[in-house]
Amino acid sequence: MSSRKKLIAGNWKMNKTSADGVALARDLVVAIGKQAEVDVVVCPPFTAIESVGKALEGSNVRLGAQNMHHEASGAFTGEVSAPMLRAIFATHVILGHSERRTFFGDTDEFVNKKVLAALKNQLRPIFCVGETLAERESGATLKVVQTQVERGLEGVNRDQAASVIVAYEPVWAIGTGKVATTEQAQEVHAFIRGLLTKLFSEPVAQKVRILYGGSMKPANAPELLAQKDIDGGLIGGAALEARSFVELVTAAAAVK
Ligand code: PGA
């Protein structure tokens, strides 16, 4: 099948104190810290990120942030920057999550600035796109996703593009228990890969990992992950417990 290595990323959102995060990270290190078949990233909240990073040291589990500001430093109360994340050995950063877009005013333009800043600082963006229920019901899904991808990746060059990770997360499937059908997900993933081909090149598009996110669980993951253009998952709820997260990594490793 595809030569792209599967990636399972945990988005802990606003959950886990530093101590709780470290406990979860330690369990993950024991269970999946040595496996190398699947790339694994966890994205704790900022108060836990450094201590979780220390707990992951020496393992194959990578550290990511859930957001960042595009400037390197300055008068931006409440924000953190790419160099700050690099300094604690983060390798990934979630950008443009629908919760940021909905509740915190992250526009396509703002997300684009963050994507460019992440790439400039050798952080791999997990760049999120996805339609709302109203947009899906009105038949606008592909148009919405196209606009988000084109605007969010504006100015990214071909060399940088292969290290971008795209996450397709239908907003109506996030935290709702309503997972997209495999056909719905695969359709949008293939569409995104087509867009990446147009924006960058076929070889680049073939390298980019496109994750599915939205109520992915051990029960529905094998079918989703078996789709040609689904290269992993961005996991919310099921990433908060070692057992379900480990099962997802195992499910990704089992897809050949
Ligand atoms: P969920 O969240 O798995 O809880 O639906 C996914 C996400 O928001 O990244």
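Refer to the preceding data block for the structure.
Described in the following lines is the structure provided in the data block. (Residues numbered from 1 in each chain as written. Predicted model: local features only at pLDDT ≥ 70, side-chain atom pairs only at ≥ 80, totals over all residues. Heavy atoms only, no water.)

## Section: unusual backbone geometry
And then number 1: Positive phi outside glycine occurs at Lys-13, with the angle close to 50°.
And then number 2: One non-glycine residue, Gln-122, lies in the positive phi region at around 55°.
And then number 3: Position of Gln-122 relative to the elements: it lies in the loop between helix H5 (108-120) and strand S5 (124-129). (Helix = DSSP H or I, 4+ residues; strand = E, 2+ residues; numbered from the N terminus.)

## Things to note about the pattern of salt bridges
And then number 1: A full pass over the atoms with the stated rule returns 14 salt bridges.
And then number 2: A salt bridge links Asp-108 to Arg-101, with the shortest nitrogen-to-oxygen separation between them at 2.7 Å. Judged on exposure class, the residue Asp-108 and its partner Arg-101 are both buried.
And then number 3: Between Arg-193 and Asp-229 there is a salt bridge, and its shortest N-O distance comes to 2.5 Å. Of the two residues, Arg-193 sits in helix H9 (residues 182-199) while Asp-229 sits in the loop between helix H11 (221-225) and strand S8 (232-235), which places them 36 residues apart along the sequence. Like Asp-229, Arg-193 is buried.
And then number 4: One salt-bridge network, held together by shared partners, links Arg-4, Arg-193, Lys-228, Asp-229 and Asp-231. (Salt bridge = Lys/Arg side-chain N within 4 Å of Asp/Glu carboxyl O. Buried < 20%, exposed > 50% of the residue type's maximum accessible area, 1.4 Å probe, protein only.)

## A look at the packing of aromatic side chains
And then number 1: By the definition in use, this model includes two aromatic pairs.
And then number 2: Relative to Phe-104, the ring of Phe-103 lies with its centre 6.3 Å away and its plane at 80°, an arrangement referred to as edge-to-face. Each member of the pair, Phe-103 together with Phe-104, is exposed.
And then number 3: Lying over the aromatic face of Phe-110, Lys-114 brings its terminal NZ or CZ to 4.4 Å of the ring centre. (Phe/Tyr/Trp six-rings, centres within 6.5 Å; stacked < 30°, edge-to-face > 60°. Lys NZ or Arg CZ within 6 Å of the ring centre and 35° of its normal.)

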